[in-house]
Amino acid sequence: MDPRSALPSIDKLLRQAEARELIAHHGRDTVVGVLRRLLQDRRMAAGRGEAAAGEGVLAECAERLAAQARPSLRPVLNLTGTVNHTNLGRALLSRRAAEAAFQAMVSATNLEYDLEGGTRGDRDSHVEALICRLTGAEAATVVNNNAAAVMLMLNTLALGREVVVSRGELVEIGGAFRVPDVMARAGCRLHEVGTTNRTHLRDYAHAVNEDTAAFMKVHASNYAIEGFTAEVPQADLAALARRHGIPFLIDLGSGSLIDLDAFGLPPEPTARQAIRDGADAVTFSGDKLLGGPQCGIIAGARALVDRMRANPLKRALRVDKIILAALAETLQSHGDPERARAEIPTLRLLTRPQDEIRALAERLCPPVRAALSGLAEVRVVDCLSQIGSGAQPVDLLPSAGLGFAETGAVSAARIAQAFRALPLPVIGRVHKGQFLLDLRCLEDEAPFLAQLGRLALAGPARP
Ligand SMILES: *Cc1c(COP(=O)(O)O)cnc(C)c1O
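Residues numbered from 1 in each chain as written. Predicted model: local features only at pLDDT ≥ 70, side-chain atom pairs only at ≥ 80, totals over all residues. Heavy atoms only, no water.

Novice: Can you help me understand the overall build of the chain in this one?
Specialist: A tally of helices and strands in the chain yields 19 helices and 17 strands. Across its three principal axes, the chain shows a C-alpha extent of roughly 90 × 55 × 45 Å. Taken over 463 residues, the chain has a buried fraction of 48%. Taking as baseline every contact in the chain between residues at least 6 positions apart, the subset at least 24 positions apart corresponds to 74%. On the chain, the mean spot of the 54 positive side-chain charges and the mean spot of the 53 negative ones are 5 Å from each other. (Helix = DSSP H or I, 4+ residues; strand = E, 2+ residues; numbered from the N terminus. Buried < 20%, exposed > 50% of the residue type's maximum accessible area, 1.4 Å probe, protein only. Contact = heavy atoms within 4.5 Å. Lys, Arg positive; Asp, Glu negative; His and termini not counted. Charge placed at Lys NZ, Arg CZ, Asp CG, Glu CD.)

Novice: Would you explain the packing of aromatic side chains in this entry?
Specialist: Each pair of aromatic rings is reported with the distance of its centres and the angle of its planes. Evaluation of the coordinates by the stated rule reveals four aromatic pairs. The interplanar angle of 65° and the centroid separation of 5.4 Å between the aromatic rings of Tyr204 and Phe215 together place this pair among those described as edge-to-face. Residue Tyr204 is located in helix α9 (residues 201–207), and its partner Phe215 is located in strand β9 (residues 212–218); the two are separated by 11 residues in the primary sequence. Pair check on accessibility: Tyr204 and Phe215 agree, each one buried. Geometrically, the ring pair formed by Phe404 and Phe435 is tilted, given 5.3 Å between the ring centres and 50° between the ring planes. Taken as a pair, Phe404 in strand β14 (residues 397–406) and Phe435 in strand β17 (residues 434–438) lie far apart in primary sequence, 31 residues in all. There is no split in this pair, since Phe404 and Phe435 are both buried. Ring pairs connect the aromatic residues Phe404, Phe419 and Phe435, which therefore count as one cluster. The lysine or arginine in question, Arg198, covers the ring of Phe228, its NZ or CZ lying 3.7 Å from the ring centre. (Phe/Tyr/Trp six-rings, centres within 6.5 Å; stacked < 30°, edge-to-face > 60°. Lys NZ or Arg CZ within 6 Å of the ring centre and 35° of its normal.)

Novice: What exactly am I supposed to notice about unusual backbone geometry here?
Specialist: Most peptide bonds adopt trans geometry, and most residues besides glycine take a negative phi value. In this structure, Arg90 takes a positive phi of about 55° despite not being glycine. Relative to the assigned elements, Arg90 resides in the loop between β1 (77–78) and α5 (95–106).

Novice: Honestly, the pattern of salt bridges in this entry has me stumped. Any pointers?
Specialist: It is possible for side chains bearing opposite charge to pair when their charged atoms get close. Within the structure shown, the criterion is met by 28 salt bridges. Ionic pairing is found between Arg309 and Asp124, a salt bridge with its closest N-O pair at 2.8 Å. Here Arg309 is found in helix α12 (residues 302–310), whereas its partner Asp124 is found in the loop between β3 (119–120) and α6 (128–135), with 185 residues between them in sequence. The two residues Arg309 and Asp124 agree in class, both being buried. One continuous salt-bridge network, built from bridges that share partners, spans Asp124, Glu128, Arg302, Asp306, Arg309 and Lys314. (Salt bridge = Lys/Arg side-chain N within 4 Å of Asp/Glu carboxyl O.)

Novice: Would you mind going over the pairing of strand β4 (residues 139–143) with me for this structure?
Specialist: Successive side chains on a regular strand alternate, one facing one side of the sheet and the next facing the other. Counting buried residues along β4, five of its five residues qualify, which places the element largely inside the surrounding structure. Pairing between β4 and strand β12 (residues 296–300): five bridges, direction antiparallel. Paired with Val143 across the bridge in β12 is Gly296. (Pairing = 2+ DSSP bridges.)

Novice: What exactly am I supposed to notice about the nonpolar core here?
Specialist: Phe215, Val282 and Leu331 are the most contacted members of the largest nonpolar core, which totals 40 residues. With five residues, helix α14 (residues 321–333) is the largest single contributor of residues to this core. Counting 30 residues, the second largest nonpolar core, distinct from the first, contains Leu360, Leu422, Val426 and Leu457. (Core = buried A, V, L, I, M, F, W, Y, C linked by side-chain atoms within 4.5 Å.)

Novice: Quick question: what am I supposed to make of the pairing of strand β11 (residues 281–285) here?
Specialist: Judged by how many residues are buried, β11 sits mostly within the fold: five of five residues are covered. Residues Ala281, Thr283 and Ser285 line one face of β11 and the alternating positions Val282 and Phe284 line the opposite face, and both faces are buried. Taken together, strand β10 (residues 248–253), helix α11 (residues 271–276) and β11 constitute a β-α-β crossover, and its handedness is right-handed. (Right-handed = clockwise from strand over helix to strand, strands pointing away.)

Novice: What am I meant to see in a nonpolar patch on the surface here?
Specialist: Together, Phe102, Met105 and Val106 give the surface a local cluster of nonpolar side chains, amounting to about 320 Å² of exposed area. Positionally, Met105 belongs in helix α5. Judged by relative accessible area, which is 48%, Met105 ranks as partly exposed. (Patch = residues over 30% accessible without salt bridge, like charges linked within 9 Å, V, L, I, M, F, W, Y side chains within 5 Å. Areas by Shrake-Rupley, 256 points an atom, 1.4 Å probe, with all protein chains shown as cover.)

Novice: Help me out: how do you make sense of the packing of helix α7 (residues 146–158) against α12 in this one?
Specialist: What describes two packed helices is the angle between their axes and the distance between those same axes. Their axes nearest at 9 Å, the elements α7 and α12 cross at an angle of 100°. When the axis of α7 is compared with that of α12, the two are roughly perpendicular. Here α7 contributes Leu152, Met153, Thr156 and Leu157 to the contact with α12, which in turn contributes Leu304, Arg307 and Met308. In the contact of α7 with α12, the residues fall into five nonpolar, one polar and one charged. (Axes fitted to C-alpha atoms, helices over the stretch in contact; angles between N-to-C directions. Parallel < 35°, antiparallel > 145°, perpendicular 65-115°, else oblique. Nonpolar A, V, L, I, M, F, W, Y, C, P; charged D, E, K, R; others polar.)

Novice: So what exactly am I meant to see when it comes to the sheet that holds β9 here?
Specialist: Where strands meet in a sheet, backbone hydrogen bonds hold them as pairs that are either parallel or antiparallel. Strand order in the open sheet made by the seven strands is β4-β12-β11-β10-β9-β5-β8, with mixed pairing throughout. Edge positions in the sheet fall to β4 and β8 (189–193), since each has one partner strand and no second. With direction set aside, neighbouring strand axes in the sheet form an average angle of 25°. Alignment of β11 against β12, held across five bridges, turns out to be antiparallel. Within β12, the residue paired with Val282 across the bridge is Ala299. Its contacts with the sheet place α7 against β4, β5 (162–166), β9, β10, β11 and β12, and it is angled at close to 160° to β11.

Here it is as structure tokens:
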């Protein structure tokens, strides 16, 4: 008998109660589509001489439908030890910011509408005053991210002309953000000055010619130059720019709106200090140390920001109502440093005391050990977290977590894979051959514990 004849027909399958349930949930066309592909696969298998069991077709169909319906973008637990992990979506929004975003999503808003006059308004108006208050700038605007902010700033102020940058600041941030490339795409010419490790005020002074549009400083986010170094203080560069009648621009990268020193964190340049030092425009990210949604903020002199707003690129790079709503709430939280720390997850996680993290590790160790019994030795370890997203790469934060020593039964990579395969994927890191879960970013341990029983370590590892 042809093994293919053992396969049931679609019509017959669709008459079964299980199929009716699937149709109610996923829609008839979707179910029929999946069934067709599934039967086709089984027919091919039968053609190759593999058994073509007619059994369990609907169960497999249900599985395929569930997998198909599962969103690709999913929540995960970031236990990598890098608090602002770009690949894991950077900052978590505060509850207030998330609620504001939700309201803006499901309701009409006065996004570009002046409620008083009943006339057209400006979307920047919802955050501009807040940014100005926190930075000391005269004016501000917001675009898609900091890369866009730098692009808009340079394209507006230096199109077809030269921008002077120190060689020590020609950085690559990751992804495709490289200062020379961004500058070229913004339509301006890079005029490099100084050397990798030392740049002096006179280097900038000698570079000025009739084509010079601006001086720019770029915060060297993800590396540090140490040893015999020299860079020009912001205030000196600002004064030189003023003498030549050109703007002084700073790409702060992460930037910060509050003094992180006060929390015992490594200092990060604040936008306020840059403006006070005489910067005419600064740019920074919304989802790095600010702890808000992805966006790029430009703050500076009114005349310059107005020109940027009038650039057609602004329209292409603008942010939507959801981002503005979340950003406004995030900025409100920054009005007071203690409030910022309490409300903004990024700041709360970065300042979490090591003792508290270690106590959590002690609590979680026994159940995790039980779940991995015989496969790996689990113990509480001290470790070091990173801020991430380019902020202060050199300074590490004392933390604690769980270390998994291999017993020979399974490799570190295999343990990492099993944690990633959980319904709420847990992302750790492999350090010196050992799998490590840094618990700094685990605030709610219940979902972590609830799925430990599903750790599947049996079976061969996928390559
Ligand atoms: C992170 C960073 C950028 C890019 O910012 P995004 O918000 O990721 O676009 C640009 N410049 C510096 C110095 C940075 O640190």
